[in-house]
Amino acid sequence: METRGSRQRKIKADVRTDPSSGGATDAARAAPAAAPTPLITTDQVQSDTFATDSAQNAIDLRITVVRGGMVHIKSAVSVGARYDGLAFAGPTRAFDRLLDSWLSRAVDLGIIGSSLGQLFLINLRQFQRDAGMKADNLLLAGMGEPGRFARDSLRFLVANLVVAVKIMGHDEFASPLIGIRRAELSIADAVRGFIEGVQDGYERIRAAADSDTRDREALQSAAMRPLAVVLVHPDGHKTEDMLAQLRVLAKEDALSNVKLTVLRGPDSPDDPDLEPSPIDVEPDRPSNYLRITRSKSAAAASMRARPTVVGQRKQAAKRPLIDPFMTDVFQFSALSDTAVIPQRDREVNARILTDLADHMTKDCTVREREDLGAFFTNILIPDDFRRLTEGPGNVTLEVDETTALYPWEMAASKRFAKCVFVSTNVAVSRQFRSVLSPPPTCPPTLNNSLNVLVIADPAADELALPRARDEGATVVEVLEQARKAWGGRYDISVKVRIGPCGDEAGRMMLDKLKAQNACVVSAEPCQPLELAMLVVNEQFDLIHYAGHGISDARTQQTGWVFAGNCVLSAKEIFSIRQVPRLVFANACFSAATGDYNEQRKHMTGLAQAFFARGVPNFIGAGWQVDDECAREC
């Protein structure tokens, strides 16, 4: 599929974007400039000049393979890659660390996207002296959705890289061999896809030059100049394999329009092994990423005819019946630190799955819960994905509004007659996938200060929740224990709001909490206006809410009940300033207590509302939780 080109002031070129995304990415705007001398250059290991008398359509491509780290390669442009929705990894993570997590913050703000072929340029010259980076520019390249990256994806991505680098006025860039870090591609396929992408990139520049009337000469010059690429990998064995595959490819007739020179450059130092800082909260341990989506009901899509029952009366046959064969189709794809599992489809009876989720979230005996969890795993999760949930690595589940309704954390497997739940075997978290626009606000910067707001049992009379007060008090006590345990390393300050105004018991609890916990800087009853002002005007890292939640089926609004006549939605609360980095919402939905499936929908809707406002982390109950369990959590 062809996408629109982007017109530049001095140079115009067509930078391709992911056809499935439906968008177009503008090339980086820069006047042509002479490329700086790289630290690892083909000049050091080859003839002093590139050939300039090549045929017009020939591509003079010089690839130097280097074992080492990306941040030490001196080049006009270094390339970093990232999957959409995943944290930075590999060389890109090293750049992020050296930039004091600025790239991660840009992702939080919605500045950086990672759709396939999408590029984002960062000028590194201002950071070179302090951070120790050698490249002049970092070009972040989007790899699209995890589990879908293939050879044609790499070809598409490299074509965009070539066009962008050329339009910036450079003829060189350094890059990892994208697509082999987690074995998405074999080295042979990745090398071939990379070369094909270079060919496509040059073809795109030539096509742009043919149709351009203003900058034709500049584009034709860019298409005729040679390209020098430094491929970098930290593993010596893979480096030699890359070198061998490139040399094999250089002899093939398929590269008739490419003059490929392959060289082995001197080793460079490895990327710095940066020690986690006091504010680095990401655990450095293996993790598995599992993406789960659901298609439309197979029955609704195919409009099956209702099955005929022999002997049924004509009148009964006229009544509309639900298709007993109605199914839902789930798509699973996965990514670990070392491997990728491509998408698998799983078809499940819709009625059985609905009933199963309903039973799994109700009170039952331990044996019943184990049987339900094992059955959930057996009928829904494909075999090759179970290994990811049963291994030692942490699990991140990416879900959307359709798949977030199911209790994936309660999936269970039986080993030697012992039942193990995934959520008690490894650390499990969820990422919410949404088609909403980028978040309008961002969380506060990670530092050594932790500002906390605790709201518990704000409503009075029939909406009172005495056990929620105990939960709020427990949160304050745990924060005080943390402050003492860290020995002043963190500055923890807590504002506590418990119980409605005029409640004597609540007032006594607040006075006791302030007297016994040095982290408490303010302890007052809940007043709706003041609560709203605190959340909107002040900046908190953490907001803990224990009280009622409510959902309006007509307007799809969800929010917290501050009083009998006052419900504040996520949209109203977090309308300005900075959103908290973490919201812990232990809110029960009184309007949906009779229907567990409906209650899960409301809880999912509340989480989605907070994510839409830019809150990066949300913890909430997926189903009804016992008060003592909630307090312990």
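Residues numbered from 1 in each chain as written. Predicted model: local features only at pLDDT ≥ 70, side-chain atom pairs only at ≥ 80, totals over all residues. Heavy atoms only, no water.

So, the overall build of the protein chain
Piece 1. A tally of helices and strands in the protein chain yields 19 helices and 22 strands.
Piece 2. The 633 residues of the protein chain split such that 49% are buried.
Piece 3. For the protein chain, the exposed surface amounts to about 30700 Å²; the carbon and sulfur share of it is 51%. (Helix = DSSP H or I, 4+ residues; strand = E, 2+ residues; numbered from the N terminus. Buried < 20%, exposed > 50% of the residue type's maximum accessible area, 1.4 Å probe, protein only. Areas by Shrake-Rupley, 256 points an atom, 1.4 Å probe, with all protein chains shown as cover.)

Things to note about the packing of helix 5 (residues 187-211) against helix 6 (residues 216-224)
A packed helix pair is summarised by two numbers, namely the angle formed by the two axes and the spacing between the axes.
Piece 1. At a minimum axis distance of 8 Å, the contact between helix 5 and helix 6 shows a crossing angle of 160°. One way to sum up the angle between helix 5 and helix 6 is to call them roughly antiparallel. In the packing of helix 5 onto helix 6, the handedness of the crossing is left-handed. Only Arg-216, Leu-219, Gln-220, Ala-222 and Ala-223 of helix 6 make contact with helix 5, whose side of the interface consists of Tyr-202, Ile-205, Arg-206, Ala-208, Ala-209 and Asp-210. (Axes fitted to C-alpha atoms, helices over the stretch in contact; angles between N-to-C directions. Parallel < 35°, antiparallel > 145°, perpendicular 65-115°, else oblique. Left-handed = near helix turned anticlockwise from the far one by under 90°. Contact = heavy atoms within 4.5 Å.)

A closer look at the packing of aromatic side chains
Piece 1. As enumerated under the stated definition, the model contains eleven aromatic pairs in all.
Piece 2. The interplanar angle of 40° and the centroid separation of 6.4 Å between the aromatic rings of Phe-173 and Phe-194 together place this pair among those described as tilted. Here Phe-173, found in strand 5 (residues 172-175), pairs with Phe-194, found in helix 5; they are 21 residues apart in sequence, far enough to count as distant. Neither Phe-173 nor Phe-194 differs from the other in exposure class; each is buried.
Piece 3. An aromatic cluster of three or more residues is present, and its members are Phe-330, Phe-332, Phe-376, Phe-385, Tyr-406 and Trp-408. (Phe/Tyr/Trp six-rings, centres within 6.5 Å; stacked < 30°, edge-to-face > 60°.)

Considerations on helix 10 (residues 350-360)
Piece 1. For helix 10, the full list of buried residues reads Ala-350, Leu-353, Leu-356, Ala-357, Asp-358 and Met-360.
Piece 2. The residue sitting at the N-terminus of helix 10 and contributing the capping side-chain oxygen is Asn-349; that oxygen lies 3.1 Å from the backbone nitrogen of Arg-351. (Polar contact = N/O pair within 3.5 Å; in protein donor to acceptor, adjacent residues only side chain to side chain.)

Some details on the confidence of the model for the protein chain
Piece 1. Scored by pLDDT, the protein chain comes out at a mean of 77, with 74% of its residues at no less than 70.
Piece 2. Element-level pLDDT for the protein chain is lowest in helix 8 (residues 298-302), with a mean of 43, against a maximum mean of 96 in strand 5.
Piece 3. The model gives residues 297-321 a pLDDT under 50, and that stretch makes 21 contacts with residues more than four places away or in other chains. (pLDDT = per-residue confidence, 0-100.)

Observations regarding the sheet that holds strand 9 (residues 327-335)
Piece 1. Taken together, the five strands give an open sheet; going across it, the order is 10-9-8-11-14, and neighbouring strands pair in mixed fashion. Every interior strand has two partners, whereas the edge strands, strand 10 (340-349) and strand 14 (428-432), have only one. Averaged over all neighbouring strand pairs, the angle between strand axes comes to 20°, with direction disregarded.
Piece 2. Pairing of strand 11 (residues 394-399) with strand 14 involves five bridges; the strand directions are parallel. Each residue of the ladder has a partner; that of Thr-396, found in strand 14, is Ser-429. (Pairing = 2+ DSSP bridges.)

Some points on the pattern of salt bridges
Two side chains carrying opposite charge are able to pair once their charged atoms lie near each other.
Piece 1. In the structure shown here, the tally under the stated rule is 30 salt bridges.
Piece 2. Between Lys-495 and Glu-538 there is a salt bridge, and its shortest N-O distance comes to 2.8 Å. Of the two residues, Lys-495 sits in strand 16 (residues 491-500) while Glu-538 sits in the loop between helix 16 (528-537) and strand 18 (542-552), which places them 43 residues apart along the sequence.
Piece 3. A relative accessible area of 29% means that Glu-538 is categorised as partly exposed. (Salt bridge = Lys/Arg side-chain N within 4 Å of Asp/Glu carboxyl O.)

Re the packing of helix 5 against helix 7 (residues 236-250)
Piece 1. Orientation of helix 5 relative to helix 7, taken along the N-to-C sense of each, is 55°, at an axis distance of 9 Å. Taken as axis vectors, helix 5 and helix 7 run oblique relative to one another. Like other packed secondary-structure pairs, helix 5 and helix 7 cross with a definite hand, here right-handed. Across from Ile-187, Ala-188, Val-191, Arg-192 and Ile-195 in helix 5, the residues of helix 7 making contact are Lys-238, Asp-241, Met-242, Gln-245, Leu-246 and Leu-249.

Examining unusual backbone geometry
Piece 1. At Asp-100, a residue that is not glycine, the phi angle is positive and equals roughly 55°.
Piece 2. Topologically, Asp-100 is positioned in the loop between helix 1 (90-98) and helix 2 (102-109).
Piece 3. Even without glycine at this site, Ala-183 takes up a positive phi of about 60°.
Piece 4. Overall, Ala-183 belongs to the partly exposed group, its relative accessible area being 49%.

Digging into helix 6
Piece 1. Within helix 6 the residues assigned to the buried category are Leu-219, Ala-222 and Ala-223. Buried residues of helix 6, seen end-on, are gathered within an arc of 100° and therefore sit on one face of the element.
Piece 2. Elements in contact with the buried residues of helix 6: helix 4 (151-167) and helix 5. (Arc of directions from axis to C-beta.)

Observations regarding the environment of Asp-503
Piece 1. Note on placement: Asp-503 falls in the loop between strand 16 and helix 15 (504-516).
Piece 2. Judged by its relative accessible area of 25%, Asp-503 is partly exposed.
Piece 3. Separated by 22 residues in the primary sequence, Asp-503 and Pro-525 have C-alpha atoms spaced 8.0 Å apart.

Things to note about the side chain of Asn-137
Piece 1. Mapping Asn-137 onto the fold places it in strand 4 (residues 137-142).
Piece 2. Overall, Asn-137 belongs to the buried group, its relative accessible area being 7%.
Piece 3. Of the polar contacts made by the side chain of Asn-137, one reaches the backbone oxygen of Ala-76; its length is 3.1 Å.
Piece 4. Leaving out residues up to four positions away in the same chain, Asn-137 has contacts with Ala-76, Val-77, Ser-78, Leu-121, Ile-122, Asn-123, Leu-124, Met-168 and His-170.

Some thoughts on the state of the cysteines
Piece 1. By the definition in use, this model includes zero disulfides.
Piece 2. Here Cys-501 is not cross-linked by a disulfide; its sulfur's nearest cysteine counterpart is in Cys-526, at 7.7 Å. (Disulfide = S-S within 2.5 Å.)

Details of the side chain of Glu-398
Piece 1. Tracing the backbone through its elements, the reader meets Glu-398 in strand 11.
Piece 2. For Glu-398, the residues in contact, after removing those within four places along its chain, are Tyr-289, Leu-290, Arg-291, Ile-292, Gln-431 and Arg-433.

Re the environment of Val-77
Piece 1. Summarising the element assignment, Val-77 is placed in strand 2 (residues 77-82).
Piece 2. Taking relative accessible area as the criterion, Val-77 reaches 0% and is therefore assigned buried.
Piece 3. When neighbours within four sequence positions are excluded, Val-77 is seen to be in contact with Asn-137, Leu-139, Val-165, Met-168, His-170, Glu-172, Phe-173 and Ala-174.

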